[in-house]
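# Summary of structural features
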Amino acid sequence: MILCNDTDERIGMTRKADFNAEEWERVVRGPVLAGLRVIAADRGGTLRESMSMGRVYAEARREHGESDLLDEIVASPPALDPRQLSSPQELQGKTLDGLAEAVRILEEKATPEEV
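Quantities reported herein were computed from a predicted structural model and do not represent experimental measurements.

### Some points on the packing of helix α1 (residues 21-41) against helix α4 (residues 88-109)
- Where α1 contacts α4, the axes come no closer than 8 Å and their chain directions differ by 140°. Judged by the angle between their axes, α1 and α4 are oblique. Between α1 and α4 lies a crossing whose hand is left-handed. Contacts between α1 and α4 involve Glu 23, Arg 26, Val 27, Gly 30, Leu 33, Ala 34, Leu 36, Arg 37 and Ala 40 from the former and Leu 91, Gln 92, Lys 94, Thr 95, Leu 96, Gly 98, Leu 99, Glu 101, Ala 102, Ile 105, Leu 106 and Lys 109 from the latter.
- Each residue belonging to the contact of α1 with α4 can be placed in one class, and the counts come to eleven nonpolar, four polar and six charged.

### Some details on the packing of aromatic side chains
- The full count for this structure, using the stated rule, is one aromatic pair.
- Here the aromatic rings of Phe 19 and Trp 24 are separated by 5.4 Å at their centres, their planes lie at 50°, and the arrangement is tilted.

### Topic: the confidence of the model for the protein
- Overall, the predicted model of the protein reaches an average pLDDT of 80, with 83% of residues at or above 70.
- Of all the helices and strands in the protein, strand β1 (residues 2-3) carries the lowest mean pLDDT, 42, while α4 carries the highest, 91.
- Per-residue pLDDT stays below 50 along residues 1-10; that stretch engages in 21 contacts with residues further than four places along the chain or on separate chains.

### What to know about the environment of Ala 17
- Its place among the elements puts Ala 17 in the loop between β2 (10-11) and α1.
- Here the alpha-carbon distance between Ala 17 and Glu 72, two residues 55 residues apart in the chain, equals 10.0 Å.

Reading guide: rules and limits
- Residues numbered from 1 in each chain as written.
- Predicted model: local features only at pLDDT ≥ 70, side-chain atom pairs only at ≥ 80, totals over all residues.
- Heavy atoms only, no water.
- Axes fitted to C-alpha atoms, helices over the stretch in contact; angles between N-to-C directions.
- Helix = DSSP H or I, 4+ residues; strand = E, 2+ residues; numbered from the N terminus.
- Parallel < 35°, antiparallel > 145°, perpendicular 65-115°, else oblique.
- Left-handed = near helix turned anticlockwise from the far one by under 90°.
- Contact = heavy atoms within 4.5 Å.
- Nonpolar A, V, L, I, M, F, W, Y, C, P; charged D, E, K, R; others polar.
- Phe/Tyr/Trp six-rings, centres within 6.5 Å; stacked < 30°, edge-to-face > 60°.
- pLDDT = per-residue confidence, 0-100.

Structure follows, in structure tokens:
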């Protein structure tokens, strides 16, 4: 993102380069964590919801160019260790915490329209 010198006003689009490596990892993980929460809430729908997540990413890739930030998020495969989410309680806690952190980072770095 570019900052205007006089007013510190945001102009331009937010890019991967605006984040450090740890921030970017957390932001990229956000959509997957949201999908995992939906899957966990819909008992018996795991396969169907997993396929839906894949379709959402594919759709976002097809709409390439409308948002630099979205383009770079869907181009960066998230790294999740399923062993870290072994119980439903752990899944709920970690996904909620991870989503809150991703949103916090986006609110600091991205434009309101991008968040």
